[in-house]
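A structural walkthrough
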Amino acid sequence: MQDAAPSPQAAHQAQEFFRRARARLHLDVPPGLRDACMTPARGDHDLDPLVRKIAAVRPIRPAAVLVPVVDRKQPTVLFTQRTAHLPDHAGQISFPGGKIDPDDATPLDAALRETEEEIGLPRSVIDPIGYLDPYMTTLGYRIVPTVARVKPDFRLVLNPQEVDETFEVPLAFLMEPANHQQHSRDWQGMKRTYYAMPFGERYIWGATAGILRNLYDRIYRE
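Computed from a predicted structure; not experimentally measured.

So, how was this worked out
- Position numbers for residues count from 1 along each chain, tracking the sequence in the order it is written.
- Local features in this predicted model are restricted to residues of pLDDT 70 or higher, and side-chain atom pairs are both shown and tallied only at a pLDDT of 80 or more, whereas totals for entire chains, interfaces and linings draw on every residue.
- Values shown for side chains rest on all heavy atoms present in the structure; no hydrogens or waters enter the calculation.
- Secondary structure is summarised from DSSP: a helix means a run of H or I of at least four residues, a strand means a run of E of at least two, and numbering begins at the N terminus for each.
- For every residue, the accessible area obtained with a 1.4 Å probe (protein chains only) is divided by the maximum for its type, and the residue is called buried under 20%, exposed over 50%, and partly exposed between those limits.
- The method behind every accessible area is Shrake-Rupley, applied with a 1.4 Å probe, and residues are considered shielded solely by the protein chains displayed.
- In summary, the pairing rule links any two rings of Phe, Tyr or Trp, Trp by its six-membered ring, whose centres are within 6.5 Å, and it sorts them by plane angle into stacked for under 30 degrees, edge-to-face for over 60 and tilted for everything else.
- The rule is short: NZ of Lys or CZ of Arg within 6 Å of the ring centre and within 35 degrees of the ring normal puts a charge over the ring.
- Note on pairing: two strands pair once DSSP finds at least 2 bridges between them.

**Some details on the overall build of the protein**
Secondary structure assignment for the protein yields five helices and 12 strands. Of all 222 residues assigned to the protein, the portion counted as buried reaches 50%. By element, 50% of the accessible surface of the protein is carried by carbon and sulfur atoms, the whole surface being about 10900 Å².

**Considerations on the packing of aromatic side chains**
Under the definition given, this model contains eight aromatic pairs. Relative to F18, the ring of F17 has its centre 5.4 Å away and its plane inclined at 80°; by these criteria the two rings are edge-to-face. According to the relative accessible area criterion, F18 is buried, its value standing at 4%. Among the aromatic residues, ring-to-ring pairing joins F17, F18, Y216 and Y220 into one connected group. Of note, R185 hangs over the ring of W205, and the distance from its end group to the ring centre comes to 4.2 Å. Above the face of the F167 ring, R202 is positioned so that its terminal group lies 4.0 Å from the ring centre.

**A short note on the pairing of strand 3 (residues 76-82)**
Within strand 3, seven of the seven residues are buried, which leaves it mostly tucked inside the rest of the structure. Of the two faces of strand 3, the one lined by T76, L78, T80 and R82 and the one lined by V77, F79 and Q81 are each fully buried. For strand 2 (residues 61-70) and strand 3, the ladder comprises two bridges, and the chain directions are antiparallel. Across the sheet, V69 pairs through a bridge with V77, a residue of strand 3. If you look at the hairpin formed by strand 2 and strand 3, you'll find five residues sitting between the two strands. Of the pairings in the sheet, the one linking strand 3 to strand 9 (residues 163-170) comprises seven bridges and is antiparallel in character. Each bridged residue has a counterpart across the sheet, and for R82 the counterpart in strand 9 is V163. Inspection of the sheet shows strand 3 paired to strand 4 (residues 93-94) by two bridges, in the antiparallel sense. Bridge pairing in strand 4 places T80 opposite S94.

This is the structure:
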């Protein structure tokens with residue numbers, strides 16, 4: 001991806017994002033990852049309160065993802081497009097990541113391991129900043145997102161069993177509240193409402209869009 005020369009305003013916004021992220025996020029593991037008595041504050045239930053009751057009776061499935069903010073002149077966020085044959089979330093746009101294994105010391109370790117396995121992004125270019133709030137999905141996943149600053153001089157090697165392609169979206173677009181749309185669809189006889197952030201032909205929605213909304217809230221909400 002070729003960097004364009006940023007405007008002074010864009011450069012200031014990029015510096016301000018990373019400054020705020022380091023001031024507001026940390027790498028202390030957030031509570032509620034495995035505690036059945038504690039319901040994460042964020043998740044699919046942000047816009048659908050009934051989902052909280054559905055998720056509460058599901059087995060807890062701890063997971064971790066990396067939110068890779070690529071430090072280009074105009075920063076971007078790196079996404080994956082999952083392969084169509086996967087049993088869960090096939091073909092969807094997501095962050096690199098997956099379940100937390102017993103050998104993973106922290107959600108960060110899981111996110112870094114999964115990212116390297118899925119897309120070959122080396123740890124040497126990743127500067128972890130901090131965790132967002134755990135995100136609970138309808139299926140019982142409790143996802144801990146790690147925001148990281150990524151050096152732009154990387155080459156990816158995709159695992160074709162998990163990822164069809166990767167792409168980047170400008171951070172400024174994703175952090176603009178006007179782009180945080182609310183869409184609805186039928187799901188198992190219920191009407192579900194969720195965040196969506198369409199970008200050209202890319203349809204970013206569900207947990208991925210919900211995590212981005214949480215990123216906006218944590219960085220920019222006073």
